[in-house]
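Fold and contact review
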Amino acid sequence: MKNQRPYEILGVTSSSSQDEIKNAYRNLAKKHHPDLNPGSKDAEKKFKEIAGAYELIGSVETRSRFDRGEYDEEVQGRPGNHGTQAKSERGPFYHQTQQQGGRYSYSFGGMDDDILQSLFGRRGRGDPSGSSEDLRGQDVLYQMDVDFQDAVLGSEKEITLPTGKRLRVKIPAGIDTGSKLRFAGHGAPGAGKASSGDAFVEVHVKPSPLFKRMGNDLEVELPISLNEAILGGEVKTPTIDGSVILKIPPGVSAGMRLRVTGKGISSPNQRGDQYVVLKVILPTEVDADFKKAIESWSKRQSMDPREGWVGSRGGGK
């Protein structure tokens, strides 16, 4: 690799900053990564060339040696030795595979050095034949967005990995954000006769515009009218399983919580409950008869709604 060759391979110049070189390398590595171009010999060859170029100019130390003409020409074409770059400089290797408008999205997550090492770093540095040790393949991580209802009730979906493999993912009822599902043997290929790594699907549950999760319980806010709050009544109320009729006792206040048993999150032993938080909605217009009735009623009652309230003592003390 003579003169400006590594700069040309990475599409940068000798005046480019280290960050520009690093970004160019990562973009090219993503584009030509063999895992994302299965069966392509050209992609593997290009990927090796990119890795070799980055090894020569990817750090301040190695770049300085190269610019001074102090480099080992045998380094070129030996991917896996790019590890001269400090581990602290590693960045995320990410590939988005979900098409626009889909319900689920998946992403390939990991560290670029780890991925390069998993494919090419197993060859012995002093072994000209390039023979591999029998080492297990790297595990890979995918991320999947799941609808709130599917997370609560459970579901089963098929996803396509960047490698083209299809997985049938069973989403267990009650799964929460951060949970990982393991698929043995669906990770990066092993070296030699060793087995492939595993694939892990990390779940991210989309928030619900209606329900709030609290452990194994759910909470929903229910608007009710003033007359329903005073007189009570039966109101249709949403649950994760569908609507039910909720009995409102007379004389309730805004913020009161009513429990609907067994309509929460499923767990191995039992199912949680749903709590309905009442929100009293006053009429937007108050007619003369209603106003007169309230005035007459207020003169006959002596209830102080702020009795015992901490704010009534002033200053919050």
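All of these numbers come straight from a predicted model, not from anything done at the bench.

Let's talk about the overall build of the protein chain
For the protein chain, the count of helices and strands is eight helices and 13 strands. Looking at the protein chain as shown, the accessible area adds up to about 18,600 Å², and 49% of this sits on carbon and sulfur atoms.

Notes on the pairing of strand 9 (residues 217–225)
Two strands pair when backbone bridges link them, and strand 8 (residues 211–214) and strand 9 are joined in this way by four bridges, in the antiparallel orientation. Bridge pairing links F211 to V220 in strand 9. Hairpin connection, strand 8 to strand 9: the antiparallel pair is bridged by two residues, and G215 has positive phi, about 65 degrees. Judged from the eight bridges that link them, strand 9 and strand 13 (residues 274–281) form a sheet pairing that is parallel. Looking at the pairing, S225 lines up with I281 of strand 13.

Observations regarding the environment of S155
For S155, the position within the fold is in strand 4 (residues 155–160). Along the backbone, S155 and V169 are 14 residues apart, and their C-alpha atoms lie at a distance of 8.4 Å.

Focus on the pattern of salt bridges
Enumeration according to the criterion identifies 17 salt bridges in this entry. Put simply, D139 and R136 hold a salt bridge, and the shortest N to O gap is 2.9 Å. Residue D273 is joined to R259 by a salt bridge in which the shortest nitrogen-to-oxygen separation is 3.7 Å. Pair noted here: D273 is in the loop between strand 12 (257–260) and strand 13 and R259 is in strand 12, with a separation of 14 residues, a long-range link. Residue classification places D273 among the buried residues on the basis of a relative accessible area of 14%. By sharing partners, the salt bridges in this structure join R136, D139, R182 and D198 into a single network.

Some thoughts on the nonpolar core
Ranked by size, the top nonpolar core spans 35 residues in total, and within it M144, V169, L222, I248 and L278 carry the most contacts. With residues near it in sequence (within four places) discarded, I248 still touches L222, I224, E228, G232, G233, V235, L258 and L278. Of all hydrophobic cores here, the second largest spans 16 residues; its members include L10, F47, I50 and A53.

Regarding the side chain of S208
Along the chain, S208 turns up in the loop between strand 7 (199–205) and strand 8. A distance of 3.1 Å separates the side chain of S208 from the backbone nitrogen of L210, its partner in a polar contact. Here F211 takes part through its backbone nitrogen, which lies 3.0 Å from a polar atom of the side chain of S208.

So, the layout of surface pockets
The gaps of empty space that remain are located by a probe, the size of a water molecule, rolled over the atoms. Empty space within the largest pocket amounts to approximately 470 Å³. What lines the largest pocket is a set of 14 residues, and nearest its centre among them are L226, I230, V252, W297 and M303. Of all the elements in the fold, those that place two or more residues in the lining of the largest pocket are helix 7 (226–231) and helix 8 (288–300). Considering each element in turn, the lining of the largest pocket owes the most residues, three residues, to helix 7. Looking at side-chain class alone, the lining of the largest pocket contains eleven nonpolar, three polar and no charged residues.

A word on the packing of helix 2 (residues 18–32) against helix 3 (residues 41–57)
The N-to-C vectors of helix 2 and helix 3 enclose an angle of 165 degrees; their axes lie 9 Å apart at closest approach. The angle between the axes of helix 2 and helix 3 places the two elements in the roughly antiparallel class. Crossing hand, helix 2 versus helix 3: left-handed. Taken together, the residues of helix 3 that come into contact with helix 2 (itself represented by Q18, I21, K22, Y25, L28, A29 and H32) are A43, K46, F47, I50, A51, Y54 and I57. By residue class, the composition of the contact of helix 2 with helix 3 is ten nonpolar, two polar and two charged.

Considerations on the packing of helix 3 against helix 4 (residues 60–67)
Packing of helix 3 against helix 4 leaves a shortest axis separation of 5 Å and a crossing angle of 90 degrees. Here helix 3 is positioned roughly perpendicular relative to helix 4, judged by the angle of their axes. Along the contact surface, helix 3 presents E55, L56 and I57, while helix 4 presents T62, R63 and F66. Looking at the contact of helix 3 with helix 4 residue by residue, the class counts come to three nonpolar, one polar and two charged.

Regarding the confidence of the model for the protein chain
Taken over all residues, the pLDDT of the protein chain has a mean of 77, while the share at 70 or more is 76%. Note that residues 73–132 has pLDDT below 50 and, in this model, 136 contacts with residues that lie over four places away or in other chains.

A look at the sheet that holds strand 9
Taking strand neighbours across the sheet as the criterion, the four strands line up as 8-9-13-12 in an open arrangement whose pairing is mixed. The outermost strands of the open sheet, each flanked by one partner alone, are strand 8 and strand 12. The average angle at which neighbouring strand axes cross in this sheet is 35 degrees, direction not considered.

What counts and what doesn't
- Residue positions are given per chain, counted from 1 along the sequence in the order it is written.
- Where totals are concerned, whole chains, interfaces and linings use all residues; where local detail is concerned, this predicted model gives features only for residues with pLDDT of at least 70, and gives and counts side-chain atom pairs only at 80 or more.
- The basis for the side-chain values is all heavy atoms of the structure; hydrogens and waters are excluded.
- A run of DSSP states H or I qualifies as a helix once it reaches four residues; a run of E qualifies as a strand once it reaches two. Both are numbered from the N-terminal end.
- Residue-level accessible areas treat just the shown protein chains as cover; the underlying method is Shrake-Rupley with a 1.4 Å probe.
- Only strands joined by at least two bridges in the DSSP assignment are considered to pair.
- The salt bridge definition used is simple: a Lys or Arg side-chain nitrogen within 4 Å of an Asp or Glu carboxyl oxygen.
- Throughout, exposure labels follow a simple rule: accessible area from a 1.4 Å probe, protein chains only, divided by the maximum for the residue type, with under 20% read as buried, over 50% as exposed, and the rest as partly exposed.
- The definition of a nonpolar core used throughout is a set of buried Ala, Val, Leu, Ile, Met, Phe, Trp, Tyr and Cys residues joined through side-chain atoms within 4.5 Å.
- Contact criterion: two residues are considered in contact whenever any of their non-hydrogen atoms come within 4.5 Å of each other.
- The definition of a polar contact used here is a pair of N or O atoms within 3.5 Å, where within protein one atom must be able to donate a hydrogen and the other to accept one, and adjacent residues in sequence count solely through side-chain atom pairs.
- Cavities and pockets are defined on a 1 Å grid built over the protein atoms alone: a cavity is a set of grid points where a 1.4 Å probe fits but cannot escape, while a pocket is an open set with protein on both sides within 12 Å along at least five of seven lines, and lining residues are those with an atom within 4 Å of any such point.
- Grid points are joined across faces, edges and corners, and a volume is the space filled by probe spheres set on the points.
- When residues are grouped by polarity, Ala, Val, Leu, Ile, Met, Phe, Trp, Tyr, Cys and Pro land in nonpolar, Asp, Glu, Lys and Arg in charged, and all others, Gly among them, in polar.
- Axis definition: a line fitted to C-alpha atoms, limited for helices to the stretch in contact. Angles are taken between N-to-C directions and run from 0 to 180 degrees.
- An angle counts as roughly parallel when it lies under 35 degrees, as roughly antiparallel when it exceeds 145, as roughly perpendicular when it falls between 65 and 115, and as oblique in every other case.
- By definition, any crossing whose near helix is turned counterclockwise from its far helix by less than a right angle is left-handed, and any crossing with a clockwise turn is right-handed.
- For every residue, the predictor states its confidence as a pLDDT score lying anywhere from 0 to 100.

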